[in-house]
Amino acid sequence: EISRLIGYDTFDANLPNPIKPGSLKATQISERRIRQLLCSSGLQEITTFSLVPKGNIQENRVAISNPLLSETSHLRTNLWEEHLNICKRNVDSGQKACWIFEIGKVYEKEDKGIAETSILAGAITGNRILSNWQFNNTNEELDYYEARGLLHSCFLSLNLNIEDRRLIGDELMHPGKSAELFLEGRSIGKFGQLHPTIQDSKQIQKSVYIFELILDNILIASTRKSVWRRSFKNYPTVPSMERDISIILNK
């Protein structure tokens, strides 16, 4: 579209010489690894709209000058609102669990203009096992530590040490089941169970664990030379296999 507006006749007919192959930057490779690791942990990647209604929760939303609808008149300031709606729709439709994540941008007003921030966010609710053949008739929901472990295994594979500290004064999170996450001494976001008051107002049946992390800080830390080591591992010669083994032991 840009080429059409500029004009195809303004481009040189000859290709650059020499032609060099493109490559991904270290941060782009790290972002792809994060997506793969989260998917390997059982989460599904989603994409939600950047345009949202004005709303009452965030009054700092940026209004666009030519909205088509009132429901798409502002830029979003968070990802968790739509993630909660997705979890509710899935649970209400009979799904046993909903584990989702998204890498997207949020926008906020500042004195000098508009701030655009890349966020890694997600929501986890429902049973601890996703495979249908593994289900029994009981509903075994994830607890806080199991949900936090999904995120921990991802960062552990990136050689990142995430420190959990007590989260204070956040009305979105459960006061006793939430944590502020620190990486290299700097806060990168939060993780925890949704506050019961908000859960009741949204009419969500099961406990929901949400997280919102600043993506750029994670990418910078994961691509440092001290942790960015490329290694080769032989390809497996046999397919993976899982077995359920029952063992009888005395007390």
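1. Remarks on the overall build of the chain
Across its full length, the chain holds 6 helices and 10 strands. Principal-axis analysis of the C-alpha atoms gives the chain an extent of 80 × 55 × 40 Å. Residues classed as buried in the chain amount to 37% of the 251 residues present. In the form shown here, the chain has an accessible surface area of approximately 17,300 Å², with 50% of it arising from carbon and sulfur atoms. The average position of the 31 basic charges and that of the 30 acidic charges among the side chains of the chain differ by 6 Å.

2. Describing the sheet that holds strand β4 (residues 74-75)
With antiparallel pairing, the 3 strands of this open sheet are ordered in space as β2-β4-β3. Each edge of the open sheet carries a strand with a single partner, namely β2 (51-52) and β3 (62-63). With 2 bridges connecting them, β3 and β4 associate as antiparallel partners. Among the inter-strand pairings, A63 is bridged to a residue of β4, identified as H74.

3. Structural notes on a nonpolar patch on the surface
Residues I2, I6 and F11 make up a contiguous nonpolar surface patch of roughly 340 Å² in combined accessible area. By the element assignment, F11 lies in the loop between α1 (2-6) and α2 (26-40).

4. Topic: the packing of α2 against helix α6 (residues 215-222)
When two helices pack together, their arrangement is captured by the angle between the axes and the distance separating the axes. At a minimum axis distance of 9 Å, the contact between α2 and α6 shows a crossing angle of 110°. The orientation of α2 with respect to α6, classified from their angle, is roughly perpendicular. Side by side, α2 and α6 meet where T27, S30, E31 and I34 of the first sit next to L215, I218, L219 and S222 of the second. Split by residue class, the contact of α2 with α6 holds 4 nonpolar, 3 polar and 1 charged.

5. Topic: the pattern of salt bridges
Taken as a whole and assessed by the stated rule, the structure comprises 11 salt bridges. Its salt-bridge partner being E163, residue R165 comes within 3.2 Å of it at the nearest N-O pair. When its relative accessible area of 36% is taken as the criterion, R165 is described as partly exposed. What emerges from the salt-bridge pattern is a single network uniting E31, R35 and E45.

6. So, the packing of aromatic side chains
Each aromatic ring pair is characterised by the separation of its centres together with the angle its planes make. Counted under the stated rule, the structure contains 4 aromatic pairs. A ring pair is formed by Y144 and Y145, whose centres lie 5.5 Å apart and whose planes are at 85°; its orientation type is edge-to-face. We classify Y144 as buried; its relative accessible area is 14%. The ring of F191 is capped by R148, whose NZ or CZ atom sits 6.0 Å from the centre of that ring. A cation over an aromatic ring shows up here: R165 above the ring of F182, its NZ or CZ 3.9 Å from the ring centre.

7. Thoughts on unusual backbone geometry
Within the chain, E184 stands out as a residue other than glycine whose phi angle is a positive 55°. Counting through the fold element by element, E184 comes out in the loop between β8 (173-183) and β9 (186-194). A relative accessible area of 45% means that E184 is categorised as partly exposed.

8. Some points on helix α3 (residues 80-92)
Three- or four-residue spacings in an α-helix give side chains the same orientation, since the helix completes a turn every 3.6 residues. Spanning 13 residues, α3 covers 18 Å between terminal C-alpha atoms, matching the ideal 18 Å at 1.5 Å per step. All buried positions along α3 are accounted for by W80, E81, H83, L84, I86, C87 and V91. Next to the buried residues of α3 lie β5 (97-110), β6 (113-126), β9, α5 (196-202) and β10 (208-214). Following α3 by one or two positions, G94 adopts a phi angle in the positive range, close to 105°.

9. Side note on the state of the cysteines
Summed over the entire model, instances satisfying the criterion amount to 0 disulfides. C87 takes part in no disulfide bond, and the closest cysteine sulfur to it belongs to C98, at a distance of 3.9 Å. Overall, the relative accessible area of 4% leaves C98 in the buried class.

Conventions adopted
- Every chain's residues receive numbers from 1 upward, in the order its sequence appears when written.
- Confidence filtering applies because this is a predicted model: local features only for residues at pLDDT of at least 70, side-chain atom pairs given and counted only at 80 or more, and all residues used for totals across whole chains, interfaces and linings.
- No hydrogens and no water enter the side-chain calculation; it runs on all heavy atoms of the structure.
- Under the DSSP-based scheme used, a helix requires at least four consecutive residues in state H or I and a strand at least two consecutive residues in state E, with every element numbered from the N terminus.
- Per-residue accessibility, obtained with a 1.4 Å probe over protein chains only, is compared with the maximum for each type, and a residue is labelled buried under 20%, exposed over 50%, and partly exposed between these values.
- Working definition of accessibility: Shrake-Rupley area with a 1.4 Å probe, residue cover restricted to the visible protein chains.
- In this count, Lys and Arg are taken as positive residues and Asp and Glu as negative ones, while His and the chain termini are left out.
- Lys charges are placed at NZ, Arg charges at CZ, Asp charges at CG and Glu charges at CD.
- For two strands to be treated as a pair, DSSP must find no fewer than two bridges joining them.
- Think of a patch as exposed residues, more than 30% relative accessible area, with no salt bridge, where like charges cluster within 9 Å and nonpolar side chains (Val, Leu, Ile, Met, Phe, Trp, Tyr) cluster within 5 Å.
- Salt bridge, as applied in this entry: a Lys or Arg side-chain nitrogen positioned within 4 Å of an Asp or Glu carboxyl oxygen.
- The convention used is that axes are lines fitted to C-alpha atoms, helices contributing only their stretch in contact, and that angles between N-to-C directions extend from 0 to 180 degrees.
- Angular relationships are summarised with four words: roughly parallel below 35 degrees, roughly antiparallel beyond 145, roughly perpendicular across 65 to 115, and oblique for the angles in between.
- Residue contacts are counted whenever heavy atoms from the two residues lie within 4.5 Å of one another.
- Residue polarity is assigned by list, with Asp, Glu, Lys and Arg as charged and Ala, Val, Leu, Ile, Met, Phe, Trp, Tyr, Cys and Pro as nonpolar; anything else, Gly included, falls into the polar class.
- The criterion for an aromatic pair is that two Phe, Tyr or Trp rings (for Trp, the six-membered ring) have centres within 6.5 Å, with stacked assigned to planes under 30 degrees apart, edge-to-face to planes over 60 apart and tilted to the rest.
- We count a charge as sitting over a ring when the NZ of a lysine or the CZ of an arginine lies within 6 Å of the ring centre and within 35 degrees of the ring normal.
- Expected helix span is given by 1.5 Å per residue-to-residue step, counting one fewer step than there are residues.
- The disulfide criterion used throughout: a pair of cysteine sulfur atoms within 2.5 Å.

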